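Geometric and topological summary
Here is what each chain is made of, one letter per residue.
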Amino acid sequence: MRAKRYLLLALCAWMAVAGGVSAQEATKPAEDPGLSDVLTDLLNGGKDGTATPGPDRRVPFGREEMQLSFAPLVKDTSAAVVNVYASKQVKARSPFEGDPFFEQFFGRGAPRNRSSLGSGVLVDASGIVVTNNHVVQDADQVKVALSDGREFTSKVLLKDDSLDLAVLKIDSDKPFPTIAIGDSDALQVGDLVLAIGNPFGVGQTTTSGIVSALARTHIGVSDSGFFIQTDAAINPGNSGGALINMGGQLIGINTAIFSRTGGSIGIGFAIPSNMVRAFTEAAKGGAEFFERPFIGASFEPVTPQIAESLGMDHPSGALISSVDENGPAARAGLKPGDVVLSFNGAAIEHMEALDYRLATQPIGGKATLSVLTKGEEKAVEVALERAPEGASTNEVLLGGRSPFAGAKVAVLSPRLAQRLRVATDTKGVVIVGVDGGSAAAGFGFQAGDIVRELNGETIDTAEKLKLLSEEDTRWWRFTVERDGRIMRQMLRY
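Along each chain, numbering runs from 1 in the same order as the chain's sequence is written. This being a predicted model, a pLDDT of at least 70 is required before a residue's local features are given, and a value of 80 or more before pairs of side-chain atoms are given or counted; all residues contribute to the totals for chains, interfaces and linings. Calculated side-chain values reflect all of the structure's heavy atoms, with hydrogen atoms and water omitted.

Where an unreviewed UniProt entry is consulted, the protein chain appears under the name Serine protease, with the organism given as Aminobacter aminovorans.

What follows is the structure in structure tokens.
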């Protein structure tokens, strides 16, 4: 009966509007619901339905509501979205380089500038700008241009290619416009959002859409596996731009699109603002690299087979594969085979979600995990500590006539592994830096490479590698691990 009454009221109201009836002629009792509320209730299953939206989420209706504009929201936020210009000087090789005869006529290859264009967001009035790492990576100079025409040379405070984030600093005697960082965990699929940036270099552009999905993984742009998906148009040049909610808060940094043509097809991805906040705070604190809290445990995905063996209804959570006997996880009673189901009340759907939740937490605090152990679910409190330095922090520069000459190496510790983006439970001797123009650089060695063997000897200390690399020999056999892949090589040098 109630639904029929609502429909009758809605029909009468529509007839009143369509027929030009005055408000006095189409009066109804004050306690009756409005037409927008009627339609909202009907679309959501009535007032007793479980899907009834809150006061900020309802179906728009009527000419006045359909003519509402995003213009005031864009006006309040667009000034804080900037253009980022990065340039790098590279040497163009002449086809006649190395030939003494032709070089006297054509010369050597002249250096040229290679530039990239992206967007950024001012998140602090002192001049803190957040953008994507791939916009400024390897750049010799980074400039930031504001919408009012001002241009500044910036300093890179912190960058991380595994997260694809970078923080820049520009200076002025006046405060800069900013966008407040919102809570990305409050987003729901279907929420309205705006994307602001500089696509294709045409100038600042605003597009609208909704949140299409949350916690997207394996999109192939960074090691991070927790992205906001949106159908707001994002194109090349939008990288580093703002994704904002209807409250004018930054809830994501636009970073990638899925496209077969290079243009937007309605599948764009943004880094959640909670990750942006944690990264920005680290940069403002003067961090050399982005530190994640250390709990002393390694994880792997829960497969359908593992879920069935553990009596789980469906695959979810993160399976603990190993535990450092001296780490916080061991002290909390966690063991290999346990499954982490939630982190501080947030469900852990997959291993990447746990990595994300950990990375957004401050070091020195505690987290409450819901863990499935021996068929029972229990709450466990784990300390979030700084990764330990290890017994030795010495960095050794390799010399001699070996292929490793010019490389700087050290014994891996959990803290060093974090800096080099290596799994924190990895052991061995790792290359932490390579001098430009050295033999090591010429052979393609890079930071993060783990030297496992040299000339038949297992490498377990930096001093041992230095001693072996300075032997008087022309033949070199070595084994190097990079990104989990083993590479073996034998050469005469």
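**Some thoughts on the UniProt feature "binding site: substrate" (unreviewed entry) in the protein chain**
Put simply, the test is: UniProt positions are given in the numbering used here, feature names are shortened, and annotations may be inferred rather than shown by experiment. Counted as a polar contact is a pair of N or O atoms within 3.5 Å, where, for protein atoms, one must be capable of donating a hydrogen and the other of accepting one, and residues adjacent in sequence contribute only when both atoms are in side chains. In this description a helix means any DSSP run of H or I spanning at least four residues, a strand means any run of E spanning at least two, and both kinds are numbered starting from the N terminus. Only heavy atoms enter the contact rule, under which two residues are in contact if any of them lie within 4.5 Å.
UniProt feature "binding site: substrate" (unreviewed entry): in the numbering of this structure it lies at His134, Asp164, Gly237, Asn238 and Ser239. A polar atom in the side chain of Asp164 sits 2.8 Å from the side chain of His134. Checked against the element boundaries, Ser239 lands in the loop between strand S10 (227–230) and strand S11 (242–244). Non-local contacts of Ser239, meaning those with residues more than four positions away in its chain, are made with Gly118, Ser119, Thr131, Asn132, His134, Val135, Asn254 and Thr255.

**Description of the pattern of salt bridges**
Defined as follows: The term salt bridge refers to a pairing of a side-chain nitrogen on Lys or Arg with a carboxyl oxygen on Asp or Glu at a separation within 4 Å. Exposure is judged per residue with a 1.4 Å probe applied to protein chains only, and the accessible area is read against the type maximum: over 50% gives exposed, under 20% gives buried, and values in between give partly exposed.
Summed over the entire model, instances satisfying the criterion amount to 17 salt bridges. Taking the shortest distance from any N to any O, the salt bridge between Glu457 and Lys464 comes out at 3.7 Å. A relative accessible area of 36% means that Glu457 is categorised as partly exposed. By relative accessible area, which is 27% here, Lys464 ends up partly exposed. Connected through salt bridges with shared partners, the residues Glu291, Arg386, Glu389 and Arg415 form a single ionic network.

**Comments concerning the sheet that holds strand S13 (residues 268–272)**
The strands making up a sheet associate through backbone hydrogen bonding, with each pair oriented either parallel or antiparallel. The cut-off we apply is this: Pairing between two strands is assigned when DSSP locates at least 2 bridges connecting them. For helices, the fitted axis covers only the stretch in contact; all axes are lines through C-alpha atoms, and the angles between them, taken along N-to-C directions, range from 0 to 180 degrees.
Spatial ordering of the closed barrel is given by S8-S9-S10-S13-S12-S11, a layout of six strands whose pairing is antiparallel. Strand-to-strand twist in this sheet, taken as the mean axis angle between neighbours without regard to direction, amounts to 45°. Looking at chain direction, strand S8 (residues 192–197) and S11 are connected through three bridges and run antiparallel. Residue pairing for S11: Ile196 is matched across the bridge by Ala242. Helix H7 (residues 273–284) contacts strand S12 (250–257) and S13 of the sheet and is inclined by roughly 45° relative to S13.

**Overview of unusual backbone geometry**
Positive phi, close to 65°, is recorded for Asp138, a residue that is not glycine. Along the chain, Asp138 turns up in the loop between helix H6 (133–136) and strand S4 (141–145). Despite not being glycine, Arg421 has its phi angle at roughly 60°, a positive value. Relative to the elements of secondary structure, Arg421 occurs in the loop between helix H11 (414–419) and strand S22 (429–434).

**Structural notes on the pairing of strand S16 (residues 339–343)**
Burial of S16 is extensive: five of the five residues sit out of reach of the surface. When S16 meets strand S18 (residues 366–373), the two strands line up antiparallel, connected through four bridges. Note on S18: the bridge partner recorded for Val340 is Val371. From the end of S16 to the start of strand S17 (residues 346–347), which pair antiparallel, there are two residues, and Asn344 there has a positive phi angle of about 50°.

**Side note on the pairing of S13**
Most of S13 sits out of view: five of its five residues are buried. In terms of strand pairing, S10 meets S13 through three bridges, oriented antiparallel. Across the sheet, the residue bridging to Ile228 is Ala270, located in S13. Note that S12 and S13 share five bridges and pair antiparallel. Paired with Gly252 across the two strands is Pro272, which belongs to S13.

**Describing helix H10 (residues 351–359)**
Given 3.6 residues to a turn, an α-helix orients residues that are three or four positions apart in the same direction. Burial analysis of H10 places eight of its nine residues in the buried class, which makes it a mostly covered element. Those residues of H10 that are buried are in contact with S13, H7, strand S14 (297–301), strand S15 (318–323), S16 and S17.

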